[in-house]
Amino acid sequence: MKPTLDESQPIFQQIAQMIMDEIVGGELNEEEQIPSENELSRFYNINRATVRKGLQALVDAGIIYKQRGIGMFVMKGAKLQLLKERQRLYREQFVLPLLEEAKRIELSKEMVVKMILEEEQ
């Protein structure tokens, strides 16, 4: 977890995003227990209801699940689900606009690919 929260988006969304980032990054594995509401609220010095709202968003999305009296855990298949969603967003936010601009300035897809491959060297 990152040490601070910021004003970029609502806090509950930042909590959910940090957990998703840890799942994608491999810091939290499938079937692994996540920090509790109390731990997160103490660590960030925020209201427990705010943490609960962020965690509930992840439950609703099928990323984590609750085990009554034990805690919350990363759902099996959560990493793959998150990766697919991030790949979809990456395409929408970066690839499609890149190709649209390339077309505007008369660069073929092949030329764009060549530019990318040259950057990798």
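What you are looking at is a predicted structure, and each value in this text was computed from that prediction instead of being measured. Residue positions are given per chain, counting from 1 as you read along its sequence in written order. Restriction of local features to residues with pLDDT of at least 70 applies here, the model being predicted, together with a cutoff of 80 or more for giving and counting side-chain atom pairs; totals for whole chains, interfaces and linings are based on all residues. Excluded from the side-chain calculation are hydrogens and water; included are all heavy atoms of the structure.

Draft legend 1. View of the nonpolar core. Counting 21 residues, the largest nonpolar core has Ile19, Ile23, Ile34, Leu55 and Leu58 as the members making the most contacts within it. Under the DSSP-based scheme used, a helix requires at least four consecutive residues in state H or I and a strand at least two consecutive residues in state E, with every element numbered from the N terminus. Elements with a contribution of two residues or more to this core: helix H1 (11-25), helix H2 (37-44), helix H3 (48-60), strand S2 (71-74) and helix H4 (78-104). Top contributing element to this core by residue count: H1, with seven residues. The contact criterion used is simple: two residues touch if any of their non-hydrogen atoms lie within 4.5 Å. Contact partners of Leu55, with chain neighbours within four places excluded, come to Ile19, Ile34, Glu37, Leu40, Ile64 and Met72. To define a nonpolar core, start from buried Ala, Val, Leu, Ile, Met, Phe, Trp, Tyr and Cys residues and group those joined through side-chain atoms within 4.5 Å. Throughout this description, buried means an accessible area under 20% of the type-specific maximum (1.4 Å probe, protein chains only), exposed means over 50%, and partly exposed covers the range between.

Draft legend 2. Representation of H2 in the model. Taken together, the buried positions of H2 are occupied by Glu37, Leu40, Ser41 and Tyr44. Here the buried residues of H2 occupy an arc of 95° about the axis, which is enough to place them on one side. Summarising the geometry of H2, the exposed residues directed more than 90 degrees from the buried face are Arg42 and Phe43. Buried-residue contacts for H2 involve H1, H3 and S2. Remark: Asn45 follows H2 within two positions and exhibits a positive phi of approximately 55°. To obtain the arc, one takes the directions from the helix axis to the C-beta atoms.

Draft legend 3. Structural view of the pairing of S2. When DSSP finds two or more bridges between two strands, those strands count as paired. The pairing of strand S1 (residues 64-67) with S2 spans four bridges and is classified as antiparallel. Within S2, the residue paired with Ile64 across the bridge is Val74. The antiparallel hairpin formed by S1 and S2 contains three residues in its connecting segment, where Gly69 sits at a positive phi of about 80°.

Draft legend 4. Molecular detail of the domain arrangement of the protein. In this entry, domain limits derive from an automatic or database-based domain assignment. Domain parsing of the protein yields domain 1 (11-77) and domain 2 (79-118). The distance between the C-alpha centroids of domain 1 and domain 2 comes to 31 Å. Every contact between the two is made by eleven residues of domain 1 and, on the other side, six residues of domain 2. In total, domain 1 and domain 2 occlude about 760 Å² of area from one another, counting both sides; carbon and sulfur atoms represent 55% of this. Here, a salt bridge means any Lys or Arg side-chain nitrogen found within 4 Å of an Asp or Glu carboxyl oxygen. Across the domain 1-domain 2 interface, the total number found is one salt bridge. In this structure, the salt-bridge partner of Arg86 is Asp21, at a minimum N-O distance of 2.5 Å. Buried area is a sum: the accessible area each of two parts loses on coming together, probed at 1.4 Å, counted once for each and added.

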